[in-house]
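Below, each chain spelled out in residue letters.
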Amino acid sequence: MVLDSDPVAFSNWIVPALLSFLTSAATLCAVALVGGYLISAFRYGPVGGGDVIYRMVLGGVRDLIALSPRRILALAWLAVQESLRRRVLVGFGIFLLILLFAGWFLDTQSNDPATLYLSFVLTATTYLVLLIALFLSAFSLPADIKNHTIYTIVTKPVRSGEIVLGRIVGFAVIGTVLLAVMGLFSYVFVIRVLNHTHEVDVASLRPVPNDPNGDRAGRTSLAQNHRHTLKIGPDGTGSTDMVQGHFHEVTAQESGDKTTYVVGPPQGLLTARVPAYGDLRFKDRAGKASDRGISVGKEWKYHSYVEGATLAKAIWTFSDITPERFPDGLPVEMTIRVFRSYKGDIEKGIRGSLVLKNPRTGRASDEKFFIAKDFYIDFLKIPRNLTDPTGKPLDLFDDLVSDGQVEVWMQCLDASQYLGVAKGDLYLRSRDASFTLNFIKSYLGIWVQMLLVTSLGVMFSTFLSGPVAMMATLASLVLGFKAQFVLGVAKGAIEGGGPVESFIRIVKQQNVTTQLEPGLTTTVVKWADSVFMSFMTAITGLLPNFNQFSNVSYVAHGFDIPPDAVLVQVFSAAGYVIAALAIGYLFLRTREVAR
Amino acid sequence: MAEVIVETRNLSKVYRDFWGRQKVRALKALDLEIRQGEIFGLLGPNGSGKTTTIKLLLGLLFPTSGQALVFGRDATDVSKNERLGYLPEESYLYRFLNAEETLDFYGRLFDMPTAVRKKRSAELIDLVGLNLAKRRQLKEYSKGMARRLGLAQALINDPELIMLDEPTSGLDPIGTREMKDLILKLKAQGKTVLMCSHLLADVQDVCDRIAILHQGELKELGRVDSLLKVRDETQIRAKGLSESAQAEIRSVIERHHGSVLTMDNPTTTLEELFLSIVRDSEARPGRRAKQDN
């Protein structure tokens, strides 16, 4: 997995986030009050308008105090009944069908079947659940208003906020149950699809030449489109090599004069590695300290590059390195990006080296070499016993770690080639967390997205008709998933101009890099675009960025979802739900439901 | 004098289109007072503004000008609903629930504890005679049954004020009779009833006072008995008179012979009164009919 931003620490995030939430809330309240007063003043005069607003605010406070859990739960129960009546279970049926026929469409020859299957089930669940949430939430309240069933609700002591909240809770309950069942099925599906074993091809077993231990090597049978090579020691135990991200343990069992070989289940397929990240700094090609490496002019600004065969280096400093935490040495994992200024041998990666250094004394280990390929996780085990460049023995913890800190210096060895790195690209695999728990955490991410769609759907349905509310929610969803792109267009970072300019380019079949001819038309177009673009910036700023709530890539690539990321997701979702609730309340309260 | 439960002051409602242009003046400067313990009927042809009045009083619509007060509070104040029951024109209930679930649900909206809800639901199902059908989904209900359940939900909170929109529509003659008896029973319990209906005989049977609306204007307001009184005629009902006595009836009146059982003003039917007001209003729009209450 390649991160595209630094991992967020919840403790650093919460205070600014809370401040920004309060500022936005205060701004929205002020806009609502002033806007409301202007409209009321226009209708009832300056004093009458003020009276209306005063009573509105007072009523709002009273409504908040009068919120009744029993009423909210009653309305939630009604929403659940309504969902069941609207055949929400059909959605689950579709999910089962997708799972049943998934095998037809998924690439069984994939190098990384775990990633493939996990991202498939998680993505399928996400889209299906969001779609169901969208339909349920957007049509419910408008249907009640259209059928006049709302009359018997609003003539009871029910507050508008309770109607909105009750619906959100009810649909969230349905979504939760659906997600739980889908999660269980997905889990069983993934485990069962990936589980396999092989037979040992006994005829292929040969003693390893010149092996002092007397190991034998051979290969396994073909299963799930791959086979392994294996090595068995004289004690009858051994293991296979890593293929498609897993290996098997092999044991020989003697029964009489016959030897049978048992190949165990796949291991290492479904993992949740917990990375320990370090702080990154650079040295430029002249060896001077620098915050960033070289920019190679690519769009992806998060990574910066280290030039080959110069003094340029990327240096990570890791803290809290103790023998208790890493008794077997440091398990280093890297996903290094590659930028070539000439093609070279494209089949071969770019060579790099790592050196461990004591940040205080400056003592260094000898170089460990690696070959970097794009989008590929490289493993490097740094043992406890090392040697320095002169060949003298070193102990990792005694000689290279000082105050629990150690530095890892990375260098690119091929001249005029570049290695791209960022903070998250080299880490220590501190431990492996439970895959099952990680899977559940990824479903929590989907749950949060479901809650957001439900809240948005109910919010829009308080003032729009069913189909329009659905379109508005869908638009928010698409904008939320494509927030990065829309913001790029709005800020002018993406070539081709704003919506009007792009449209003109499409009509004229003009490419995105040529300038428009200067003149009145271009001026008008640019002006119209600037209006559109500021509107787009505002909208993307207001809507939730749905990608932020997705944990699919973590789970699919075998990384533990950081608890901080989960907290950030839950808290930011709560902010949006509160906002949707407040807006929904305001619209429903000021709406004449009998019209 | 009894407490005023419902009051409208200069209540007006104008329906506007999306652009704010006036479409219909549904209600024009309505002044009404309904006192505790009376049965008040709102009459009027289709589109006369009676349902608009009820919706304004319930807070389902907001007045364009004027005020609608229920229990002395603004009609848009949700807390008034604690003491109010409403039976809509059609029984707008959730078709996927059964009678017990429906009443339980509405009971929860009044924040009633479980035990109270159970007791109250059972009583009301019994009262409206749906005991045999209480576990059937409402989509299987006939119109009359849905109407009865609609009434039961309106009474779930034992309200002080009950607003009934066309209470007898969809009911058979027996059901109609039972509904009217029930309305009278509610009055006997000291409750206030505001009803609107097209069925004039029903209104005549139960209402103490009525208001007749036409084209959004109040045309008539008063006690039913006094409104229906025909003042320039006298009706005599007698019993036990022989043929000769009957022949002498005119002289009997003159000379005060024979026993006169009743001698008062005969009444017309509400239907005739209603039609004459509507005809009069159409002939002379904007003019209030005779004031006599």
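Just so you know, these numbers come straight off a predicted model, no measurement behind them. (Residues numbered from 1 in each chain as written. Chains lettered and ligands numbered in written order. Predicted model: local features only at pLDDT ≥ 70, side-chain atom pairs only at ≥ 80, totals over all residues. Heavy atoms only, no water.)

Draft legend 1. Looking closely at the overall build of chain A. Within chain A, the regular secondary structure consists of 14 helices and 21 strands. Along the first, second and third principal axes, the C-alpha atoms of chain A reach 100 × 70 × 55 Å. Here chain A, with 595 residues, has 46% of them falling under the buried criterion. Taking all contacts inside chain A whose residues are at least 6 apart in sequence as the whole, residues at least 24 apart take part in 71%. Element-wise, carbon and sulfur atoms account for 63% of the exposed surface of chain A, whose accessible area totals about 29900 Å². Computed over 54 positive and 49 negative side-chain charges, the separation of the two mean positions in chain A equals 9 Å. (Helix = DSSP H or I, 4+ residues; strand = E, 2+ residues; numbered from the N terminus. Buried < 20%, exposed > 50% of the residue type's maximum accessible area, 1.4 Å probe, protein only. Contact = heavy atoms within 4.5 Å. Areas by Shrake-Rupley, 256 points an atom, 1.4 Å probe, with all protein chains shown as cover. Lys, Arg positive; Asp, Glu negative; His and termini not counted. Charge placed at Lys NZ, Arg CZ, Asp CG, Glu CD.)

Draft legend 2. A look at the domain arrangement of chain A. When cut into domains, chain A gives domain 1 (202-267) and domain 2 (273-432). Between the C-alpha centres of domain 1 of chain A and domain 2 of chain A the distance comes to 34 Å. (Domains from an automatic or database assignment.)

Draft legend 3. Local environment of the interface of chain A and chain B. Facing 33 residues of chain A, the contacting portion of chain B comprises 34 residues. Summing both partners gives a buried area of about 3200 Å² for chain A against chain B, and 62% of it is carried by carbon and sulfur. On the chain A side of the interface with chain B, the three residues burying the most area are Arg70(A), Thr155(A) and Lys156(A), jointly 20% of the side's total. Summed over the shared surface of chain A and chain B, the result is 3 salt bridges. Note that Lys13(B) is salt-bridged to Glu592(A), the shortest N-O span being 2.6 Å. At the boundary of chain A with chain B, the tally comes to 17 residue pairs in polar contact (both at pLDDT 80 or more). Mapped onto the side of chain A that touches chain B, the elements with two or more residues apiece are helix H1 (10-66), helix H2 (69-85) and helix H5 (150-154) of chain A. With 10 residues, H2(A) is the single largest residue contributor to the side of chain A that touches chain B. Looking at the side of chain A that touches chain B residue by residue, the classes come out as 13 nonpolar, 8 polar and 12 charged. (Buried area = accessible area lost by both parts, 1.4 Å probe. Salt bridge = Lys/Arg side-chain N within 4 Å of Asp/Glu carboxyl O. Polar contact = N/O pair within 3.5 Å; in protein donor to acceptor, adjacent residues only side chain to side chain. Nonpolar A, V, L, I, M, F, W, Y, C, P; charged D, E, K, R; others polar.)

Draft legend 4. Main features of the environment of Arg73(B). Residue and element names in this part refer to chain B. Looking at the element boundaries, Arg73 is found in strand E5 (residues 73-74). Considered as a pair, Arg73 and Ser226 are 153 residues apart in the sequence and their alpha carbons are 31 Å apart. The residues touching Arg73, leaving out its near neighbours within four places in the chain, are Ala68, Ser79, Lys80 and Arg83. Separated by 2.7 Å, the side chains of Arg73 and Ser79 make a polar contact.

Draft legend 5. Up close: the environment of Ala68(B). All names here are of chain B. On the secondary structure map, Ala68 appears in strand E4 (residues 65-70). In the structure, Ala68 is positioned 64 residues away from Val4 in sequence and 12 Å away in space, judged by C-alpha atoms. Residue contacts for Ala68: discarding those within four places in its chain leaves Glu7, Leu11, Leu56, Leu57, Arg73, Asp74 and Ala75.

Draft legend 6. Summary view of the sheet that holds E5(B). Residue and element names in this part refer to chain B. Taking strand neighbours across the sheet as the criterion, the 4 strands line up as E2-E1-E4-E5 in an open arrangement whose pairing is antiparallel. Every interior strand has two partners, whereas the edge strands, strand E2 (22-35) and E5, have only one. Alignment of strand E1 (residues 4-16) against E4, held across 5 bridges, turns out to be antiparallel. Following the sheet pairing, Arg9 is matched in E4 by Gln67. Packing against the sheet, helix H1 (residues 50-58) makes contact with E1, E2 and E4, and its axis sits at approximately 115 degrees to E1. (Pairing = 2+ DSSP bridges. Axes fitted to C-alpha atoms, helices over the stretch in contact; angles between N-to-C directions.)

Draft legend 7. Layout of the pattern of salt bridges. If you walk through the whole model with that rule in mind, you get 44 salt bridges over all chains. Salt-bridge contacts for Lys187(B) lead to Asp208(B); the nearest nitrogen and oxygen are separated by 2.8 Å. Within this pair, whereas Lys187(B) is found in helix H5 (residues 173-188), its partner Asp208(B) is found in the loop between helix H6 (200-206) and strand E9 (209-214), the two being separated by 21 residues in sequence. Beyond isolated ion pairs, a larger network of salt bridges with shared partners links Arg273(A), Glu333(A), Arg429(A) and Asp432(A).

Draft legend 8. Broad picture of unusual backbone geometry. Residue and element names in this part refer to chain A. Even without being a glycine, Arg87 presents a positive backbone phi close to 55 degrees. Mapped onto the elements of the fold, Arg87 is located in the loop between H2 and helix H3 (89-105). Phi at His148 takes a positive value of approximately 70 degrees, unusual for a residue other than glycine. Here His148 shows up in the loop between helix H4 (113-146) and H5.

Draft legend 9. Spotlight on a positive patch on the surface. A cluster of basic side chains, namely Arg85(A), Arg87(A), Arg95(B) and Lys139(B), defines a positive patch on the protein surface. Inspection of the secondary structure assignment puts Lys139(B) in the loop between helix H3 (114-127) and helix H4 (143-154). Overall, the relative accessible area of 47% leaves Lys139(B) in the partly exposed class. (Patch = residues over 30% accessible without salt bridge, like charges linked within 9 Å, V, L, I, M, F, W, Y side chains within 5 Å.)

Draft legend 10. Structural detail: the packing of aromatic side chains. Evaluation of the coordinates by the stated rule reveals 23 aromatic pairs over all chains. Taking the centre distance of 5.4 Å and the plane angle of 35 degrees together, the rings of Phe481(A) and Phe546(A) count as tilted. You can see Phe481(A) sitting in helix H9 (residues 466-481) and its partner Phe546(A) sitting in the loop between helix H12 (520-542) and helix H13 (552-556), a full 65 residues away along the chain. Of the residues examined, Phe546(A) reaches a relative accessible area of 0% and is grouped as buried. In this structure an aromatic cluster arises from ring pairing among Trp77(A), Tyr94(B), Phe96(B), Phe105(B) and Tyr106(B). Its guanidinium or amino end placed over the ring of Phe559(A), Arg273(A) lies 5.0 Å from that ring's centre, counting from NZ or CZ. Here Arg83(B) stacks its cationic end above the ring of Phe71(B), 4.0 Å away from the centre of that ring. (Phe/Tyr/Trp six-rings, centres within 6.5 Å; stacked < 30°, edge-to-face > 60°. Lys NZ or Arg CZ within 6 Å of the ring centre and 35° of its normal.)

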